[in-house]
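Coordinate inspection notes
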Amino acid sequence: MLDFRLTDEQMELQQKARKFALEHVLPVAAYYDEVDEVPLEVLRAAYEQGISSTDIPKKYGGKGYGAIEGVIVTEEIAAACPGIATSVFDNSLGMEPLILSDKEPLKEKYLSRIANEFKLMSFATSEPFMGSDVSGIRCKATPDGEDYILNGTKYWVTNGGIADYYSIFATTDPESQHKGICAFLVERDWDGVSVGKTIPKMGQRCSNTVGIHFDNVRVPKENVLAEPGQGFYLAMKTFSRTRPAIGAFSVGAARSAMEYAIDYVKKRRAFGTKIANFQGLQFKIAEMYQKVETSRLLTWKAAWEADNGIDPTINASIAKFYASETALEVANEALQIFGGYGYTKMFPVEKLLRDIRLFRIYEGTSEIQRMIVSGYAMNSYNPVMPHLEDLPLHFDKEPETVNQSDSPETTAWRCRMCGYVHYGEAPPEQCPFCFMPKTAFKNTAEKTE
Ligand SMILES: Cc1cc2nc3c(=O)[nH]c(=O)nc-3n(C[C@H](O)[C@H](O)[C@H](O)COP(=O)(O)OP(=O)(O)OC[C@H]3O[C@@H](n4cnc5c(N)ncnc54)[C@H](O)[C@@H]3O)c2cc1C
């Protein structure tokens, strides 16, 4: 059964997140953007109201919500401030490697704590030298008995300056690429962990982003999330489950840009009429609406797959790059509709545009998503149509008269280069269209495997 309706519980959650976004996030967003600071009290309020870390399984004291509930909540918060939404959602990203791992005692200890206390957990694969190429991690994990000693730097760590715990991806051997990648749960208070200065950013300034340095940090064996060789796959699995949220950030932010544009066209006047009466602007609004709706469909589909035991990797990538790119187009057009006022800090569209710009970069750039999707489309996807050289297309004969075994004159030979079909006992010496030799012809009765 295909059903796009939300359950009563999901609608209730949506209303709760919407109320939270309007009461706690929207009023402070512009201020914290200006001062370039994360509003910790908003993150705390999100925890207290049960709309962050919603994916902690019930057995550890969490809400046990799925990816669908996650994207519903995320859209609402991002609609008020994409930066704060990033910091609220970051706990889910940070915890996902732990949730996916099979380390039961570690889950008992940390997931229960995060469910019962206001604790933040960040995720770190990226480093100063690498981001897209996760197999190129250099942060070194040296075995010491059953423990590991961490040395190196992670960069771009969202909430890194305020988090209590980190999911850290490192390597036992930078030369062995993905085979050496492992993962650890590290506490910020441990000896040898230091936090860099807040990185000043173009947008999402309400979200904290820092570098984290490890100087001979001892990680006890109990805090190993993934053994060497398993870390790379854990990171990829994490992204497959968390990328739909980037789609949801995009939908929420684009939705607000569109709503502000609709409000503005109904009030602003030019050439003796409201600008809402110009069909050129009506068409822009239609396209904004279309992009928000299509992005939400893709995002929900990927989240639904994640919740229903279907590998969401491809649809999560599609949702991520489609929604993040269309959101940027929506915000850009919204700013255009505002004219000069759109370019000021007095209206919210310029902030949305700056905030949205990040969606194309983190959790795998648009280019990386295209690599994932093209790799699947070209190597794993099962096409329905026959190969081009096996197409049953005939211009000169009735299709049912072709390849009759009792009549050699009906044998069809297709030129693999230009598609011309020759009928006869044998192929022609040369193609009359593209001049390829007879070896270029294929008997259409023989199918390509
Ligand atoms: C504000 C912010 C928050 C972040 N939060 C986190 C976080 O919490 N945790 C974390 O681990 N990381 C985080 N990141 C890092 C982010 O995931 C990386 O910036 C991103 O993956 C890109 O990596 P890079 O910046 O090293 O770019 P690079 O990997 O150096 O890429 C540079 C350019 O080359 C392109 N490119 C690279 N490889 C290919 C290819 N094979 N084909 C075509 N094009 C290619 C990229 O798309 C990009 O355009 C954050 C980044 C920012 C800016």
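Residues numbered from 1 in each chain as written. Predicted model: local features only at pLDDT ≥ 70, side-chain atom pairs only at ≥ 80, totals over all residues.

Topic: the nonpolar core
Definition in use: Residues of type Ala, Val, Leu, Ile, Met, Phe, Trp, Tyr and Cys that are buried and joined through C-beta atoms within 7 Å form what is called a nonpolar core. With C-beta atoms placed from the backbone, a residue is buried if 20 or more other C-beta atoms are within 10 Å of its own, exposed if 12 or fewer are, and partly exposed between those counts. Starting at the N terminus, helices and strands are each numbered in turn, a helix being any DSSP run of H or I of at least four residues and a strand any DSSP run of E of at least two. In this description, a residue-residue contact is defined by the distance between C-beta atoms placed from the backbone, which must lie within 7 Å.
In terms of nonpolar packing, the biggest core is built from 109 residues, with I77, L150, F184, A253, A257, A331 and A334 touching the most fellow members. Residue contributions to this core peak at 16 residues, all from helix α6 (residues 231-265). Among residues more than four places away in sequence, those in contact with F184 are Y148, L150, I168, A170, V219, N223, V224 and L225. Residues A412, W413, C431 and F441 belong to the second largest nonpolar core, which totals five residues.

Focus on the site of the ligand
Let me state the cut-off plainly: We call a residue near a molecule or strand when its C-beta atom, built from the backbone, sits within 6 Å of it. Under the grouping applied here, Gly and all other residues not named as nonpolar or charged are polar, the nonpolar ones being Ala, Val, Leu, Ile, Met, Phe, Trp, Tyr, Cys and Pro and the charged ones Asp, Glu, Lys and Arg. The domain limits used here are those given by an automatic or database domain assignment.
Taken together, the neighbourhood of the ligand is formed by 24 residues, with G131, S132, W156, T158 and T365 sitting nearest. Residues belonging to the shell around the ligand are distributed by class as follows: 10 nonpolar, 10 polar and four charged. Mapping the shell around the ligand onto the domain boundaries places at least three of its residues in each of domain 2 (122-231) and domain 3 (232-379).

Notes on the packing of α6 against helix α8 (residues 313-337)
To be explicit about the condition: Geometry is summarised by axes, namely lines fitted to C-alpha atoms with helices restricted to the contacting stretch, and by angles between N-to-C directions that run from 0 to 180 degrees. When an angle is under 35 degrees it counts as roughly parallel; over 145 it counts as roughly antiparallel; between 65 and 115 it counts as roughly perpendicular; any other value is oblique. Each crossing gets its hand from how the near helix is turned against the far one by less than a right angle, where anticlockwise is left-handed and clockwise is right-handed.
Orientation of α6 relative to α8, taken along the N-to-C sense of each, is 20°, at an axis distance of 8 Å. Relative to α8, the element α6 lies roughly parallel. Here the hand of the crossing between α6 and α8 comes out left-handed.

Focus: the domain arrangement of the protein
Interface size, as often reported, equals the accessible area lost upon joining of the parts. As assigned here, the protein comprises domain 1 (8-120), domain 2 (122-231), domain 3 (232-379) and domain 4 (388-443). A straight line from the C-alpha centre of domain 1 to that of domain 3 covers 21 Å. Tallying the contact residues gives 24 residues for domain 1 and 23 residues for domain 3. Those elements giving two or more residues to the side of domain 1 that touches domain 3 turn out to be α1 (8-35), α3 (67-80) and α4 (82-100). Counted by class, the side of domain 1 that touches domain 3 contains 13 nonpolar, seven polar and four charged residues.

Here's the deal with helix α5 (residues 104-116)
The test is simple: One fewer than the residue count of a helix, multiplied by 1.5 Å, yields its expected span. Here the arc refers to the set of directions running from the helix axis out to each C-beta atom.
With 13 residues, α5 should cover 18 Å at 1.5 Å per step; its first-to-last C-alpha distance of 18 Å lies within 8% of that length. Those residues of α5 that sit buried are Y110, L111 and I114. Viewed along the axis of α5, the buried residues span an arc of 95°, placing them on a single side of the element. Exposed and facing more than 90 degrees away from the buried side of α5 are E104, P105, E108 and N116. Buried residues along α5 sit against α4, β1 (121-124), β4 (165-171) and β5 (181-187).

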